[in-house]
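Structural description and commentary
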Amino acid sequence: MAVLAAVDLSGNQPAAALRPEPAALRGFWHEHAGVLIVKPLQLLAIVLVALVVRMLAHRWINRLSTASVDGRVPAILSPLTERAGGLQFWESAGLVSERRKQRADTIASVLRSAVSLLIFLTAFLLGLQVFGISLAPFVAGTSLVGVAVGFGAQNVVKDFLSGMFMMLEDQYGVGDVIDVKEATGTVEAVGLRTTRLRDVEGVAWYVRNGEIVRVGNMSQQYAQVVLDVPVGIGEDVPAALAAISRAGAELYADEQWLPCLLAAPEVLGIEQLGRAETVLRLVARVKPLEQWRVARELRARIRANLDSAGVGHALPVAD
């Protein structure tokens, strides 16, 4: 009789057998809610918090660099003072503030890179914890791998330390024009491992900090224009010297060019004596990165003055 009672004589199946999906679906979500809902939300929260913390840290670093540009050097940057001698002169010429801005941009660039690396590494480790991955074997394995790879990673450590010492010693910064033997150009970024330069042809060069043996900085404190002007051996040298000196005086008196000059151009006299020519030298101290523009203008004025004085000459050559 129990078997017959379970059978529906009308031929219809029980209602529970017709709709098993909702109960099974609820059971599925109940069993897998941690993996499908909770853990992804936790991971998303970690990523969002990491991005927010990174944004706030970058904003704080930018404010820190702006304060150092304005002269309010924070305590964290107090050891990184400019090495310019005669600060009163450089302040009056506006060079210390420019240099301070370059150093602030460089230090801010490196700090942003380091902070981003630290934040994302922490977020990655927290993400592993969310999915129940134990960090103890990971740390132990990392230590063993670190010992094994340490010998091969010496160059990375060397690059990092070299970059830090270059900044601490104020060898160069963002915006400087430098010569590092491998490339010459304007520093666009200083990272933890590399320095990016942009040369006059627009090529971006990435130079490892550890591979930089010597640095020629064309942007610190001041630059020097050196022009050697060859005149014919039979020409009137005093007249040529007077024409060159007049060209320098005209440039120094020009209000358009005066902001580029730190002192009046000076004619040093005869630099070389040859069988076919006499080389006369003129020097001018200018603001950093203005030497090429000033040199071109001086060449044009020297040629015009030599022509007016009737002195035969060749094109000036810059050293």
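Residues numbered from 1 in each chain as written. Predicted model: local features only at pLDDT ≥ 70, side-chain atom pairs only at ≥ 80, totals over all residues. Heavy atoms only, no water.

With respect to the pairing of strand β7 (residues 266-273)
This is how the line gets drawn: Two strands are counted as paired when DSSP detects at least two bridges linking them. The secondary structure listing takes helices from DSSP runs of H or I that are at least 4 residues long and strands from runs of E that are at least 2 residues long, numbered from the N terminus.
As paired strands, β7 and strand β8 (residues 277-286) are joined by six bridges and run antiparallel to one another. In the sheet register, Glu266 faces β8, and the bridge partner there is Val283. As consecutive antiparallel partners, β7 and β8 are separated by three residues.

Focus on the pairing of strand β3 (residues 194-198)
Threshold: Relative accessibility under 20% of the residue-type maximum defines a buried residue, over 50% an exposed one, and the middle range a partly exposed one, all with a 1.4 Å probe and only protein chains included.
Taking every second residue as pointing to the same face, the buried face of β3 carries Thr195 and Leu197, while none of Thr194, Arg196 and Arg198 on the other face is buried. Across four bridges, the pairing between strand β2 (residues 184-190) and β3 is antiparallel. Within the sheet, the bridge partner assigned to Thr186 lies in β3 and is Arg198. Counting the residues between successive antiparallel strands, the hairpin from β2 to β3 contains three residues. Relative to strand β4 (residues 204-208), β3 runs antiparallel, the two sharing five bridges. Looking at the pairing, Thr195 lines up with Val207 of β4. Connecting the antiparallel pair β3 and β4 is a turn made up of five residues, with Gly202 showing a positive phi of about 85°.

Describing the environment of Asn155
Mapped onto the secondary structure, Asn155 falls in helix α7 (residues 154-168). For the pair Asn155 and Arg208, spaced 53 residues apart in sequence, the C-alpha separation works out to 9.3 Å.

Details of unusual backbone geometry
A positive phi angle, near 75°, is found at Lys181, a position not held by glycine. Summarising the element assignment, Lys181 is placed in the loop between β1 (177-179) and β2. Assessed through its relative accessible area of 66%, Lys181 is described here as exposed. Unlike most non-glycine residues, Leu289 shows phi in positive territory, near 70°. Examined against the element boundaries, Leu289 turns out to sit in the loop between β8 and α9 (291-309). Take Leu289: its relative accessible area is 33%, and that puts it in the partly exposed class.

Quick look at the nonpolar core
Note the threshold: We call a set of buried residues a nonpolar core when its members are Ala, Val, Leu, Ile, Met, Phe, Trp, Tyr or Cys and they connect through side-chain atoms within 4.5 Å of each other.
One finds Val225, Leu227, Ile244, Val294, Leu298, Ile302 and Leu306 to be the most contacted residues of the largest nonpolar core, which totals 24 residues. At the level of elements, β6 (223-232), α8 (237-253), β8 and α9 are the ones that each hand at least two residues to this core. No other element matches the six residues that α8 contributes to this core. Core analysis: the next-biggest nonpolar cluster, separate from the first, contains 13 residues, Tyr172, Val174, Ala183 and Ile212 among them.

Digging into the pattern of salt bridges
As a reminder of what qualifies: Any carboxyl oxygen of Asp or Glu within 4 Å of a side-chain nitrogen of Lys or Arg constitutes a salt bridge here.
Tallied over the entire structure, the rule returns nine salt bridges. The salt bridge involving Arg281 is made with Glu271; its shortest N-O contact spans 3.6 Å. You can see Arg281 sitting in strand β8 and its partner Glu271 sitting in strand β7, a full ten residues away along the chain. Across the salt bridge formed by Glu297 and Arg301, the nearest N and O atoms sit 2.9 Å from each other. Placement of both Glu297 and Arg301 in helix α9 is noted, with a separation of four residues, approximately one turn of the helix. Exposure remark for Glu297: the relative accessible area of 21% places this residue in the partly exposed category.

Comments concerning α7
Rule in force here: Each residue after the first adds 1.5 Å to the expected span of a helix. What the arc covers is the set of directions going from the helix axis to the C-beta atoms.
The terminal C-alpha atoms of α7, which comprises 15 residues, lie 21 Å apart, in line with the 21 Å expected from a rise of 1.5 Å per residue. Among the residues of α7, Asp159, Ser162, Gly163, Met166 and Met167 are the ones counted as buried. Within α7, the buried residues cover an arc of 130° as seen down the axis, which keeps them to one side.

Quick notes on the sheet that holds β4
Sheet strands pair by backbone hydrogen bonding; their relative direction is either parallel or antiparallel. Spatial strand order, β4-β3-β2-β1-β5: five strands in an open sheet with antiparallel pairing. The sheet terminates laterally at β4 and β5 (216-217), the two strands that pair on one side only.

What about α9?
The cut-off we apply is this: In this analysis, two residues are considered to be in contact whenever any of their non-hydrogen atoms come within 4.5 Å of each other.
Between its first and last C-alpha, α9 extends 26 Å over 19 residues, near the 27 Å set by a 1.5 Å rise per residue. The set of residues buried in α9 consists of Gln291, Val294, Ala295, Leu298, Arg301, Ile302, Asn305 and Leu306. Buried residues along α9 cover an arc of 135° about the axis, so they all sit on one side. Among the exposed residues of α9, those oriented more than 90 degrees off its buried face are Arg296 and Ser308. Close packing links the buried residues of α9 with β6, α8 and β8. One or two positions beyond α9, positive phi appears at Gly310, with a value near 75°.

Observations regarding the packing of α8 against α9
Filter applied, for reference: Between the N-to-C directions of two axes lies an angle of 0 to 180 degrees, each axis being a line fitted to C-alpha atoms and, for a helix, fitted only over the stretch in contact. Any angle that falls under 35 degrees is termed roughly parallel, while one over 145 is termed roughly antiparallel, one within 65 to 115 roughly perpendicular, and all others oblique. Here a crossing is called left-handed whenever its near helix is offset anticlockwise from the far helix by less than a right angle, and right-handed whenever the offset is clockwise. Gly is placed with the polar residues, together with every amino acid not listed as nonpolar (Ala, Val, Leu, Ile, Met, Phe, Trp, Tyr, Cys and Pro) or charged (Asp, Glu, Lys and Arg).
The N-to-C vectors of α8 and α9 enclose an angle of 135°; their axes lie 8 Å apart at closest approach. In terms of orientation, α8 and α9 fall into the oblique class. Between α8 and α9 the crossing geometry is right-handed. Packed against α8, whose contacting residues are Ala240, Ala243, Ile244, Arg246, Ala247, Gly248, Glu250 and Leu251, the element α9 presents Val294, Glu297, Leu298, Arg301, Ile302, Asn305, Leu306 and Ala309 at the interface. Residue composition of the contact of α8 with α9, by class: ten nonpolar, two polar and four charged.

Nothing here speaks to function; it is geometry throughout.
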